[in-house]
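What the coordinates show
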Amino acid sequence: LAKTTQPISMDSYEGQEVNITCSHNNIATNDYITWYQQFPSQGPRFIIQGYKTKVTNEVASLFIPADRKSSTLSLPRVSLSDTAVYYCLVGVNTDKLIFGTGTRLQVFP
Amino acid sequence: GAGVSQSPSNKVTEKGKDVELRCDPISGHTALYWYRQSLGQGLEFLIYFQGNSAPDKSGLPSDRFSAERTGGSVSTLTIQRTQQEDSAVYLCASSFYLETDTQYFGPGTRLTVL
């Protein structure tokens, strides 16, 4: 079971870039890394997924070093609407069902 | 359907009563998951279905919890003899296959046990 460790909370200001790092020291060869975003009173929403190096979509970028023991979710130029909890998941099959407590991002004006 | 739907959105019940929570997954999704989220906490995995079968029931908190899925679609989570500690938001998600990491979540059912 790939255990993940994330900061409990982070603060930022509008317009700044936010980087949230997740540690997953015992990641397995077949494991993908997936990030979800959850707003209050809503279910989590898929943001991005990667296996190695860098992945970018319209919402975020995901940086994964060569050893894959960590990953960094990068949110460019955050706005107030990016205030949410961000979860890092690592694994395949039922391993990926462990969400943990996530990182609570608060964006200030 | 457009997304995962759950009903009811809110349920208030008295301690000791049974409740049924329903989840309608996205059409064509073979995998379905149930989670529980207490106030301010992360998601707690309860059970998943691949088709109509649930190979892993170890996440269910007690034998008062049960779930079924029929026709590879709708799922119901039943909590018997509810307790106050069962109060939480119950989230359902679905995905095309279990091996696919992208889960699509419903809005949840907020259960309050008085």
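Note: the structure precedes this text.
Residues numbered from 1 in each chain as written. Chains lettered and ligands numbered in written order. Predicted model: local features only at pLDDT ≥ 70, side-chain atom pairs only at ≥ 80, totals over all residues. Heavy atoms only, no water.

1. Here we look at the state of the cysteines
All names here are of chain B. Our working definition: In plain terms, two cysteine sulfur atoms within 2.5 Å form what is called a disulfide here. Numbering of helices and strands runs from the N terminus, with a helix taken as a DSSP run of H or I at least four residues long and a strand as a DSSP run of E at least two residues long. Burial status follows relative accessibility: with a 1.4 Å probe on protein chains alone, a residue under 20% of its type maximum counts as buried, one over 50% as exposed, and anything between as partly exposed.
Evaluated as defined, the whole model comprises two disulfides over all chains. Between the sulfur of C23 and that of C92 lies a disulfide, 1.8 Å long from S to S. The S-S bond linking C23 to C92 shows a torsion near -65°; that makes this disulfide left-handed. Of this pair, C23 sits in strand 3 (residues 19–24) while C92 sits in strand 8 (residues 88–95), placing them 69 residues apart in sequence. For the pair C23 and C92, one class covers both residues: buried.

2. Regarding the pattern of salt bridges
Residues and elements named next belong to chain B. For the record, the criterion: Salt-bridge detection follows one rule: a side-chain nitrogen of Lys or Arg within 4 Å of a carboxyl oxygen of Asp or Glu.
The tally for this structure, following the rule as stated, stands at four salt bridges over all chains. With a closest N to O distance of 2.8 Å, D24 and R22 form a salt bridge. You can call R22 partly exposed: its relative accessible area is 37%. A salt bridge links D86 to R64; the nearest nitrogen and oxygen atoms lie 2.8 Å apart. On the criterion of sequence distance, the pair formed by D86 in the loop between strand 7 (75–79) and strand 8 and R64 in the loop between strand 5 (44–50) and strand 6 (65–69) is long-range, its members being 22 residues apart. Across the pair, exposure class does not vary: D86 and R64 are buried alike.

3. Some words on the sheet that holds strand 1 (residues 9–13) of chain A
Residues and elements named next belong to chain A. To keep things clear, this is the line we draw: We treat two strands as partners when DSSP finds at least two bridges between them. Every axis in this analysis is a line fitted to C-alpha atoms, fitted for helices over the stretch in contact. Angles between the N-to-C directions lie between 0 and 180 degrees.
Taken in spatial order, the five strands of this open sheet run 1-9-8-3-4, and their pairing is mixed. Every interior strand has two partners, whereas the edge strands, strand 1 and strand 4 (45–50), have only one. Ignoring strand direction, the axes of neighbouring strands in this sheet form an average angle of 25°.

4. Topic: the packing of aromatic side chains
Residues and elements named next belong to chain A. Rule in force here: Two aromatic rings, drawn from Phe, Tyr or Trp (for Trp, its six-membered ring), form a pair once their centres lie within 6.5 Å of each other, and the interplanar angle then sorts them: stacked below 30 degrees, edge-to-face above 60, tilted otherwise.
As enumerated under the stated definition, the model contains seven aromatic pairs over all chains in all. Plain terms: the ring middles of Y13 and F108 are 6.0 Å apart, the flat faces sit at 45° to each other, and that makes the pair tilted. Taken as a pair, Y13 in strand 1 and F108 in strand 9 (residues 103–108) lie far apart in primary sequence, 95 residues in all. Judged by its relative accessible area of 48%, Y13 is partly exposed.

5. Comments concerning the nonpolar core
As a reminder of what qualifies: Side-chain atoms within 4.5 Å link the members of a nonpolar core, which is a set of buried Ala, Val, Leu, Ile, Met, Phe, Trp, Tyr and Cys residues. Residues count as neighbours in contact if any of their non-hydrogen atoms are within 4.5 Å of one another.
If you look at the biggest cluster of nonpolar residues, it comprises 21 residues, and the most contacted ones within it are B:W34, B:L46, B:I47, B:F49, B:L77 and B:Y90. Listing elements by their share of this core, those giving two or more residues are strand 3, strand 4 (31–37), strand 5, strand 6, strand 7, strand 8 and strand 10 (109–113) of chain B. Apart from residues no more than four positions distant in its own chain, B:F49 is found in contact with B:T30, B:A31, B:L32, B:W34, B:A54, B:A67, B:E68, B:R69 and B:S75. Core analysis: the next-biggest nonpolar cluster, separate from the first, contains 20 residues, A:I47, A:A60, A:L62 and A:L75 among them.

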